Every structure is written in C-alpha cells, then in structure tokens.
Amino acid sequence: MTITIRTKDRDAVIQSLRAGVVPRTGQHLIQVGRTSEIETLVSDIDRIADDGSAFRVVIGEYGAGKTFFLNLVRAVAMEKKLVVASADLNPDRRLHASGGQARSLYAELMRNLSTRTKPDGGALGGIVEKFIATAKTEAKAAGLSTEAVIRQKLDNLTELVNGYDFADVIAAYCRGFEEGNEQLKSDAVRWLRGEFSTKTDARQALGVRTIVDDAAVYDQLKLLARFVRLAGFSGLLVSLDELVNLYKMANTQARNANYEQILRILNDSLQGTAVGLGFVLGGTPEFLLDTRRGLYSYPALQSRLAQNTFASGGLVDFSGPVVRLSSLTPEDFYVLLQKIGHVYASGDTTKHLLPDQGIYRFMEHCSKRIGDAYFRTPRTTITSFINLLAVLEQNAGVSWQDLVGGIEVVADTGGTIDLIADADENEEFASFKM
Amino acid sequence: MSESSASFYRLDERIQRFIWAEGWESLRDAQEAAIPLILDADRDVIVAAATATGKTEAAFLPALTHMLQLKESGLIVYISPLKALINDQFDRFDRLCGQLDIPVWPWHGDVSASIKNRFLSKRSGILLITPESLEAMLCNRGTSVSAIFDRSTFFVVDELHAFIGSERGKQLQSLMHRIERAVGRKVPRIGLSATLGDMNLAAEFLRTGEGASVAIVESRSSGSELKILVKGYEEPLVIRSGDDDEEREPTTPALIATHLFKSLRGSNNLVFPNSRREVERFTHLLNNLCLQQQLPNEFWPHHGSLSKEIRTETEAALKQQSLPATAICTNTLELGIDIGSVKSVAQIGSPPSVARLRQRLGRSGRRKGEPAIFRSYCIEDALGGQASLATELRLETIKTTAMISLLLEGWFEPPATNGAHLSTLVQQMLSVIAQYGGATISRLYTLLCAEKAPFSGVSKEDFIVLVRHLGQNELLMQDSSGVLLHGRVGEKLVNHYTFYAAFVIDEEFRVVASGKTLGTIPISQMLTVGQRILFAGKTWFVEEIDETQKTIYVIRTSGGVPPLFSGSTGRVHTHVRQRMRSLLESNDVPVFLDEVVRRFLAEARQGYTDRNLGHTFFIDQGKVVYILTWLGDAANEAIACLLIQRGFVAIPAGPGVEVQKGKHSTEDVLNALIDAAAVDDPPPLDMLLAEVKNLYREKWDWALPDELLRIAYASLYLDLEEALKWTKQIVAVNPVN
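Residues numbered from 1 in each chain as written. Chains lettered and ligands numbered in written order. Predicted model: local features only at pLDDT ≥ 70, side-chain atom pairs only at ≥ 80, totals over all residues. Heavy atoms only, no water.

What to know about the overall build of chain B
A tally of helices and strands in chain B yields 29 helices and 24 strands. Over its C-alpha atoms chain B spans a radius of gyration of 27 Å, differing by no more than 12% from the 27 Å that the globule rule assigns to 737 residues. For the C-alpha atoms alone, the extent of chain B along its principal axes is close to 80 × 65 × 50 Å. Looking at chain B as a whole, 58% of its 737 residues are labelled buried. Of the roughly 29,900 Å² that chain B leaves accessible, carbon and sulfur atoms contribute 49%. Taken as two groups, the 78 positive and 89 negative side-chain charges of chain B have centres that lie 3 Å from each other. (Helix = DSSP H or I, 4+ residues; strand = E, 2+ residues; numbered from the N terminus. Rg over C-alpha atoms; globule rule 2.2 N^0.38 Å. Buried < 20%, exposed > 50% of the residue type's maximum accessible area, 1.4 Å probe, protein only. Areas by Shrake-Rupley, 256 points an atom, 1.4 Å probe, with all protein chains shown as cover. Lys, Arg positive; Asp, Glu negative; His and termini not counted. Charge placed at Lys NZ, Arg CZ, Asp CG, Glu CD.)

Topic: the environment of Gln359 of chain B
Of note, Gln359 of chain B is situated in helix H16 (residues 354-361). Residues Gln359 of chain B and Ile129 of chain B lie 230 residues apart in sequence; the distance between their C-alpha atoms is 21 Å.

As for the sheet that holds strand E5 (residues 322-324) of chain A
All names here are of chain A. One open sheet holds the 5 strands; their spatial order is E2-E3-E4-E1-E5, and the pairing between them is parallel. In this open sheet, the two strands that pair with only one neighbour each are strand E2 (83-88) and E5. Looking at each pair of strands side by side, their axes are set apart by 20° on average, direction ignored. Alignment of E2 against strand E3 (residues 236-241), held across 6 bridges, turns out to be parallel. The partner of Ser86 across the bridge, within E3, is Ser239. The strands touched by helix H2 (residues 35-49) within the sheet are strand E1 (54-59), E3, strand E4 (277-283) and E5, with E1 carrying the most contacts at an inclination of about 160°. Set on the sheet, helix H3 (residues 66-79) makes contact with E1, E2, E3 and E4; between it and E3 the angle comes to about 170°. (Pairing = 2+ DSSP bridges. Axes fitted to C-alpha atoms, helices over the stretch in contact; angles between N-to-C directions. Contact = heavy atoms within 4.5 Å.)

Structural notes on the pattern of salt bridges
The tally for this structure, following the rule as stated, stands at 49 salt bridges over all chains. A salt bridge links Lys231 of chain B to Asp594 of chain B; the nearest nitrogen and oxygen atoms lie 3.8 Å apart. Note that Lys231 of chain B is positioned in strand E8 (residues 226-235) and Asp594 of chain B in the loop between helix H23 (574-585) and helix H24 (595-610), a separation of 363 residues in sequence. Since its relative accessible area comes to 19%, Lys231 of chain B is described here as buried. Of the charged contacts in the structure, one is a salt bridge between Arg611 of chain B and Glu392 of chain B, with a shortest N-O distance of 2.9 Å. Within this pair, whereas Arg611 of chain B is found in the loop between H24 and strand E21 (618-621), its partner Glu392 of chain B is found in helix H17 (residues 389-392), the two being separated by 219 residues in sequence. Judged by its relative accessible area of 31%, Arg611 of chain B is partly exposed. Taking the relative accessible area as the measure of exposure, Glu392 of chain B reaches 21% and is therefore partly exposed. Each of Arg255, Arg292 and Arg293 of chain A together with Glu491 of chain B takes part in salt bridges that share partners, so that together they form one network. (Salt bridge = Lys/Arg side-chain N within 4 Å of Asp/Glu carboxyl O.)

Focus on the interface of chain B and chain A
Tallying the contact residues gives 31 residues for chain B and 32 residues for chain A. Roughly 2,900 Å² is buried in total at the junction of chain B and chain A, and carbon and sulfur atoms are behind 55% of that figure. Of all residues in chain B, Thr143, Arg443 and Glu491 of chain B bury the most surface against chain A, accounting for 18% of the area lost on that side. Summed over the shared surface of chain B and chain A, the result is 3 salt bridges. In this structure, the salt-bridge partner of Glu491 of chain B is Arg292 of chain A, at a minimum N-O distance of 3.0 Å. Across the contact surface, chain B and chain A share 9 residue pairs in polar contact (both at pLDDT 80 or more). Where the side of chain B that touches chain A is concerned, the elements lending two or more residues are helix H19 (422-436), helix H20 (441-449), helix H21 (460-472), strand E14 (476-478), strand E15 (484-486) and helix H22 (488-494) of chain B. Of the residues contributing to the side of chain B that touches chain A, the split by class is 13 nonpolar, 11 polar and 7 charged. (Buried area = accessible area lost by both parts, 1.4 Å probe. Polar contact = N/O pair within 3.5 Å; in protein donor to acceptor, adjacent residues only side chain to side chain. Nonpolar A, V, L, I, M, F, W, Y, C, P; charged D, E, K, R; others polar.)

Thoughts on the nonpolar core
Judged by nonpolar contacts, the single largest core of 170 residues is most densely connected at Leu127, Phe149, Leu425, Met429, Phe463 and Ile627 of chain B. Among residues more than four places away in sequence, those in contact with Ile627 of chain B are Phe617, Phe618, Leu643, Gly656, Val657, Val659, Val669, Leu673 and Trp726 of chain B. (Core = buried A, V, L, I, M, F, W, Y, C linked by side-chain atoms within 4.5 Å.)

Thoughts on the packing of aromatic side chains
Two measures describe an aromatic ring pair: the distance that separates the ring centres and the angle between the ring planes. What the rule picks out here adds up to 22 aromatic pairs over all chains. Ring plane angle 55° and centroid distance 5.8 Å describe the contact between Phe60 of chain B and Tyr78 of chain B, whose orientation is recorded as tilted. Taken together, the residues span a long stretch of sequence, with Phe60 of chain B in helix H4 (residues 55-69) and Tyr78 of chain B in strand E2 (residues 75-79) at a distance of 18 residues. Residue Phe60 of chain B is classed as buried on the basis of its relative accessible area of 2%. Overall, the relative accessible area of 0% leaves Tyr78 of chain B in the buried class. Aromatic rings pair up to connect Phe499, Tyr500, Trp700 and Trp702 of chain B into one cluster. Positioned above the aromatic ring of Phe196 of chain A is the side chain of Arg190 of chain A, whose terminal nitrogen or guanidinium carbon lies 4.4 Å from the ring centre. The side chain of Arg697 of chain B reaches across the aromatic face of Tyr717 of chain B, ending 4.8 Å from its centre. (Phe/Tyr/Trp six-rings, centres within 6.5 Å; stacked < 30°, edge-to-face > 60°. Lys NZ or Arg CZ within 6 Å of the ring centre and 35° of its normal.)

Points about H16 of chain B
What sets the pattern is the α-helix's 3.6 residues per turn: residues three or four places apart point alike. By the burial criterion, the buried members of H16 of chain B are Val354, Leu357, Arg360 and Leu361 of chain B. Down the axis of H16 of chain B, the buried set is contained in an arc of 120°. They therefore lie on one face. (Arc of directions from axis to C-beta.)

With respect to the confidence of the model for chain B
Mean pLDDT over chain B: 87, with 95% of residues reaching 70 or higher. Both confidence scores are given for the complex: pTM 0.85, ipTM 0.78. (pLDDT = per-residue confidence, 0-100.)

Examining the sheet that holds strand E20 (residues 551-556) of chain B
Residues and elements named next belong to chain B. Read across the open sheet, the 5 strands follow the order E17-E16-E20-E19-E18; overall the sheet is mixed. Bordering the open sheet on either side are strand E17 (516-521) and strand E18 (532-535), each of which pairs with just one other strand. The mean angle between the axes of side-by-side strands here comes to 40°, regardless of whether they run parallel or antiparallel. Where E18 meets strand E19 (residues 538-546), 4 bridges bridge the pair, whose relative direction is antiparallel. Bridging from a neighbouring strand, Leu534 pairs with Thr539 of E19.

Focus on the packing of helix H15 (residues 330-344) of chain A against helix H16 (residues 356-370) of chain A
Working note: a packed helix pair is described by the angle between its axes plus the distance between those axes. All names here are of chain A. Running from N to C, H15 and H16 point in directions that differ by 130°, and their axes come no closer than 10 Å. On the basis of the axis angle, H15 is oblique to H16. The crossing of H15 and H16 is right-handed. Across from Pro330, Phe333, Tyr334, Leu337 and Gln338 in H15, the residues of H16 making contact are Asp356, Ile359, Tyr360, Phe362 and Met363. (Parallel < 35°, antiparallel > 145°, perpendicular 65-115°, else oblique. Left-handed = near helix turned anticlockwise from the far one by under 90°.)

As for the pairing of strand E9 (residues 269-272) of chain B
All names here are of chain B. Residue alternation in E9 divides its side chains into two sets, Asn269 and Val271 and Leu270 and Phe272, and both sets are buried. Bridge count between E9 and strand E12 (residues 344-348): 4 bridges; the pairing is parallel. Along E12, the bridge assignment pairs Val271 with Ala346. Bridge count between E9 and strand E11 (residues 326-329): 3 bridges; the pairing is parallel. Paired with Val271 across the two strands is Ile328, which belongs to E11.

Some details on the side chain of Thr528 of chain B
Following the sequence through the fold, Thr528 of chain B ends up in the loop between E17 and E18. Discounting chain neighbours no more than four positions away, the residues touching Thr528 of chain B are Val542, Ile545, Ile644, Ala650, Ile651 and Glu691 of chain B.

Given below as structure tokens:
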C-alpha cells in the first residue's frame, strides 16, 4: 500500500535533514521510538488544556534528537488547540538579564507564536482577533454589548502583575478594530510583542505607563497564558531550546540569576499557580548535571530535579520534571533510515532507491568510520545518507553497492556556529580533547 | 593664520573658527604634517613629539573633521593609560566638541553608570577609555561588542611609548584586534608618542605585521629645560666588635631627609627611593621633621605593601590642589594611580633604567616655561676595611652618572619588543571565552595567534601544550561538544574585579631567616639556590626559593668579601654598563655633580686603575671569582646560566658575574667559560634555565607550563647572543687561560 506523501512535506523533511537541521513540519513521517517520552509530554499537554500546568526539562546529548522531539511536541500541542511559543536561547537571549537580553528572548517568543491555523509564527494578531470574535459571539448570545463582554473578560486579567496595562492594551486594540484605526492596532500588537523600548513611547501611543522589560518577561507570559484561554484556546506552551547557553555563561552572578528564574517557573508550575501555562526546556546533560555550573549547582533546583533513586538499572520513571532522551539504538536508527528512504520516494514503495540490505551495509560502513557516534548522534549520518540517495536518484546507471563503501562520514561536533571563519586551516585542532 | 598653512584650510570650518577663537597663531609642525595624513582615515599614523607640543590636537583636529563629513555619526576610541589623563582630556575636548555637537564620553572606574549607559545607547562621539575598562567591556558585554563599536572611525592611542614592550601594550594590541574582528573591518589607528630612537618599532607595535604601512610624523622641536643636581653622601665606617648581629642604623638617610625637606616643602613632588623599606624609612624621617618644626605633614608614602587606606590617603592628598603634597613611592605611582604634574622628581639611589628615569622626569615641568627639576642622591660607604667591589668602585654613583649622561644625550633603552608575553596570552584567552561565551581551541588560535594577530609568534604545538596545562590547572575546561569554557579556578579569577589588568605592580620578595621575616627586597634578576645576597648590611646565603609565595629563605654567612648582589628594581642595559666603564677610564667630570660626588668619582677612578681593570676581565676574591663583563643584566644572566649548567653557583651581580669557586680553582671557572664559548649551537632553554628561579615575572606566569615559562622569560630577560659574543671575544684576546 502506498500512502502518497505530499511533495511539500517531503521537500521540507528532506531538505532540512540534508542541511543538518530539524524539519518544522512532517515530523510524524520520520518519528522513531521514544513512545513513552512522547506519551508523557502528550499527557502534559492534556493537563495544560485542562486548567493545569506543566514543566519539563528535556535532556539529551548533542544530535540525540532534542530539537526534533521539541518540534514534535509543538506540533501535537498545536493540534490540541494550544498556542505555542518557541525560541532558542543564545548569548543575547536569556531568561534573566538587565541589559535587554530577556526582553530579546520575549520578543523572539512572540515572533514565533504559532497556532494550528498559523503554524509558522506571527500568530499574535490572529489571537487577539480571535479574542474579539469570541467576545462578539458571546455578546450576541447573551444579548450584551461587545464592549461589556470584552471588559468583563479583561477584568479577569487584572489580578495578575501588570494585568491592568495588558488589559488596557487589548482594549486599545479592540477600539482600533472598531474604529478601523490601523495605527492603534499595530501599536497594540507591538506592545504585546515587547517591541516598545521606552515608556514614553508606550504612553504616547497607547496611554499605558509600563512596557515589557527584562524584569517583566515571566509575568507577561503568565498574562498571555490566561489571555489565550479567554480567546478560546486551550492554553500556552512555551518551548525553549539551547539552554546550554546558560551553562556557557561566564558571569557567575548572571548565570545564577537565570537559574533562579527557572526555579521560579518550576515552582509556579508544580504548585499549579500558573494556570494553562506549560514550559518545555531543552538542554544537554552537562547543563543539568554539572554541579559547578549546571542546574545542579543551584541547590534548590538540584533537589527538585533529582532523579528518582528507584528508577535505575533499566527501570524508568517519566513522572519527574526531567525527561532524558536516551540515544537511539541501532535498531531504531535502522527504522529511521527506512522511513527516510520511504519519504524520499514520496511514499511510493516501488520507487525505493535502496533496499533494506543497502541500508544495513550503509550502517556498517558508518560504524567502521565513526564508531558508535553514527547512531547516537545521527545528524551527520543522516546527511550522508540523503546525499547517497540523491546520487542514486540522479545517476541512473550506478548501483548502491559501489557507492556505499565510499561515502564520507564525519562525527558530529555539536554544531556550534562559528562566528569566526577559517577553521579549516587548523586540522590539528579539529579533534582536540583535553 | 598664515596663508601658507595648507592643512589649516582642510579642517572643518567650525574647527577653524575654534582655532581663531583660541588665538593660536599657527599650527605646530606636527599638526601641519599630521592633518593631511589623518583626514582621509585610510591609514595608520604615528605622531611623535615631545610633551606639550600639540600632539593631541594634531590627531583630533583632522579626526573630528573627518567625522563631521560622515553621513552617519562616527566614534573615536581614545585609549589612555591613566584615569587622570582621561579627566584632563575630557576638560580639553569638552569645549571644542560642544561647539561641534559631538558628545565626549569618559569611561573608567570612577565614571558613573548613567554616563556609561548613555554612551551605550548613543555609541557615537569620542570615547575616552583605559585598557582595563576596555577589557571589562569586552568581557562583560561580549555579545554587544560589534554593535557598540560598529561606527568606530579611529583608534587613538595616547602615550604609545609607555605601552610598547609591556604586558599592558600587548593587551592593548589584543583588544584593538578583537574589536576589529568583531566589527569585521580594519579601523585606522593613530598613535601619539614621545620620540623614540627607532620609530619602526612603534609602527610595528601599532599595527602588527604591517608596520611598514604606518605613516610617521616626527617633530624634533626642542624639549623643555631640565635642571639636574646629583648629591653625594658617604656612610662613615663603624668599627664593631666581633660578630655584631644588631642592624646598625645608617646615618646618611637623615641627612638626605633634611635636604629633601628643605627643597621639597611647599610644592608637589615625587621621591623614588627604590624599595619599600626605603620608602618607609624616608617617610618616617620626613614626617618627624614636619613634626619637629610644627608644620602640617606634606610627605606621604605609597607602595604595594601598604594598606589600601594609606594608599588612598596618599592619592587623595596628591590630587587635591589646595595643599602641597609630596609622595615617597616605588613604581606604583608610575603606572598604578595617577596625579597631575609635579614640580620636581627626586631619586634616592640609582634609577632603575634610563627609560624609567625619563618617564619619571616626564611628570615634572609639563607646563610651558616650567623646567623639569631632578635631584639625585647617591649613597656610598666609606672606603676601608673589607670593602666590596661596589664600594671600591663607587658603582652606584657611577651608574647614576652614566644614566644621567645618557639621558642628556637622548639615549634610552630601546623598548623590548621581542617579549612573548605568554602571561597576557593566558589572560586574553580567558577574556575571549568570556566575550563569546565559550570558544573552540581552533577559534582561539585563529583569533589570537594567526598571522598579523598580536600573539603570532606562538606555534600550534605550543598552543596545544598551553591549553592542556591550563586545563590541568582548572583554568579551562572542555564541554562535550569540544568548546572551551572557564574551569573552576578560571571562572573565579575572571569574575574578580582584578581580572581586567594585565600587569602586576611592585612585587618584592620576602626575606626569611630562621623562621623570622627580615623584610622585603625587590629583585628583578634571576635567583639560584646557593647564591649570596647582601641585605640589611649583612651577607646571607640563599637556601630555598619559593616562587609562588615570593619568599627566599636565607641563612647568615660571614667571611669573605661582601657580595655585590643586593636586589634592585630595574634591569641594566649593556650600553649603561659600557658608559660606566668609559666614565671610569676617562678624566671628564660632568657639571651636575656636587663636590662629594666628584670625590667619589675620583676615588672610583683610582680604584679602577689600582686594580688594572682596564686590562683584566676577572677578579679573584678568595672564595669567589668575579667576572667583570661590563655587559647588561640580560647577557650576564646568560653567562651565569652557562656556568650553572657546568656545575657552578653563579649569579649576575652588578657589572659582571659572581661565581662561587667551591672546591674548584679560578682556572676551572675560566675554563668552564671558555668551554661555553667553544660551543657553536646555543644550548636549549630547558637546560639553561633548569636550575634558575624567579622566572615568574608577569601576572599569569604561574599558569604557564615550564617550557613555555622559560621561553617567555628568555624572550625578555636573557641575551644569549651577546653573552656568547663576549665570551668568544675574551677567549680570542686571552688565548691561554
């Protein structure tokens, strides 16, 4: 049976994998293993939709599939009518700062706000519009004016920190909507996205005296979670990746301030005070376990995030806040390569370029080249595999037996972005281990 | 303004108006020449001239003109070694730049955060900053560096001559390089310098690897007047019975203090006694004199062992303008803290080097019409009894006289540009990791040690050895993706406020005998176990040297001629020693000496002839042989190392090398020397420096692996070439023994 895969999905998947990045859509086509982990996160999402909260730290080595996993979770959340905000941390974006880096993270989260209808980000405007539409329908049903319904809903928000100003901004948007004042609408959206940098500007544009600055980021997210529920969505899921950037921070005080912020978020979600808000953080094992500069260096976090002592030696426990993504097994990897081959052939089993035997030989070849790394951190292996398929596809007369032996595979170096070029000259340094 | 000044008309109109308003009649030479070179911002320029000859204007008038012509506002980064200089410049620029609507931003430790924040949001105008503050900016705001310096149009480095050849200069080169890398383009550099002998050294410093492309503007205008007086004091002999362990108080300091009191009271001055002990002694004497005459105290001490409170008191006393203040200090007041100009400078004992003397003198007579005034005090023991060679030949006085005469000829030690400065490399590596939040070893090497980078002399193998060693000492660590981060120790040090300075000031060794600390002594030469040392008027034998604690353990020894080695703050150049020798051999008497010093000079010359030192190169002194090389400390150390390698205890001391004979004879020593000369290839540093201590000279030297430490040390402090040349020459002249 051939289930045809749409070209759009196929291309998205194949091209991202070849470039070594995670595909934004179509993850289900290449999802392998990890069933319990996925179930855990799905139950979290259900809990968020049900007025609860969630906090998970997803831990995995470089290239073990963290980002893929997080993207998959995002896709599931959107299906379940949650609003998803995601962002990657970097030296300029962190959870706590005094120089604008936290605001920068918030702005990025807002830019990437996605819903089922707008899965590629930029959904903030749409959410506010949905809020107004929902209010209108309710108003009609109850026989009240839209104004009154909106005001009543917004009153809900005012009990949170910064709630009054948030409500004022939404009200300004509604006014703009009614009057057809595009400027007011776009200013309101700008304020929500954290793009006002001075209070004076905000006051002139919208009449509110506060802006989203570094100190207000988490409070703003809580407000947003409540707001999206008022707009008819099930809740807000915030997905933060590359938390290893906190681990790499050189300034001890700043790093600890960020961990303090994570503790705050953790406490709120475990105690259930943040309704409809879920956090999923992705990081490396060092980020969690290093007692000198990782999360474990902060004693309160260490006790809350500690492993279940009974769950050792093969026993699992997925109820704690930490979800460890174990590396793929060779068997899993085999299935993965099969699926990739299947996607490459657009779902047509007759067009498979490589028989199962070929996949097996390819894995053998990689194992010889880079040892275990080929399935533990499969990023580069997958790229090589797709390159192999590409050559097979475009060169009709060639047989896979000839090519498999000559494929170049290198181990994954963690994918750090080099800001300074010409690293090729220094081969002596390429494999430097202290 | 004369019509022939082409440069004047190329300046912006508003600047021209400013010049008219200030009443300047013409542009100075340096300014005429520099303006056309700087206007287009397409090359590096050095402006070399004496103090107060308008160097700053020579750089800024065209630089500001260029900035005014830009569409988007630019940024001039002005780097100065001292906060006080920055404060002065700020006052000067404020008026001119106010009229041009260009903001001026001082940035150093004493500037408030609000001013700094305003600069960070504006990022244009003139930024006045010290290297340490710049380092802090790169470390703490690493991610914003490319944004902050995006509009840089020029780097202006003031007091360039003070930076060349020092760790701070290396750090400065590295900072400018890192900023250029962050913004992705070359930023033209302007250096303001006092005149140096070889300006090419300065050019190569300003732009590593491209020194030839730097334009040099030199102005040979006459310097200001210099008044010199050298006074001599003789410490009389005291006959003591037996083995007197009590340290007797010398009597000359009190006399010197009286003269200082008379001459320096009522104005601002600096007094340099060459060691902490002496600072304490003279401060005490001068304070007593003030007390006796019921006058308010004007004399303040300053050195590295004093508590911060006392040092701050001294600095405050010097900064305030209403009351006169004189500081008695070690070199902490050369670099560490800064004050305006002083009326005169006094030196007790010989200066550490001619360059340092010049630097110290540069503090006085900065205003037009004011001469620089210099008083030098030479102390010698009276002849007789078992006088050491130093006393017989009045070596301290001869050294002072030689240095002053060289100064008057305009000579000074050429800056040591061969220094490896691996200590600064360690600091920069830690700083780069802080700036970028981690870096791979490949990126570190490319940024800091590639061709045209500041540390380009370091090979890849050496770099790997260094990184491994730093990893072992927990300064660095590697995360699972191969990125280097700060280790436990590294993180602590980087987060401490002292991290930003690349240098240490004024470290002296503690002298401990039988568990009791006798005092401290500055030592800038190598040390080796078994050598003799003169301290507190007695002879000691060095038993143990602890480099990390900077302590030497000594035991009393007696008999024999007193040793020449008594510690010192400076290293002497061969040229100075050669001048000393020619002074001893000639009959001229320099005019700036007083009668006592003239007598010393005559006695020294007599001693020189008596011992026939014009024709011998060694002196047999019983248990020791003194090899008289008349070479500088670097060459003498090399000779001492060669002898140590052959089993002797040898140490550079004064104008030669003191070798303990032990069981050997003088002949054996000389044969060993000849042996060393006969070798064609110089021995490797590892072997040469194996038994030698006091190699930790720079701030981060303790973190280096042994082999790199020796390379770093030898690059600055060992001159094997000169040593071998001398030895071969001697052997040629004295073929048999």
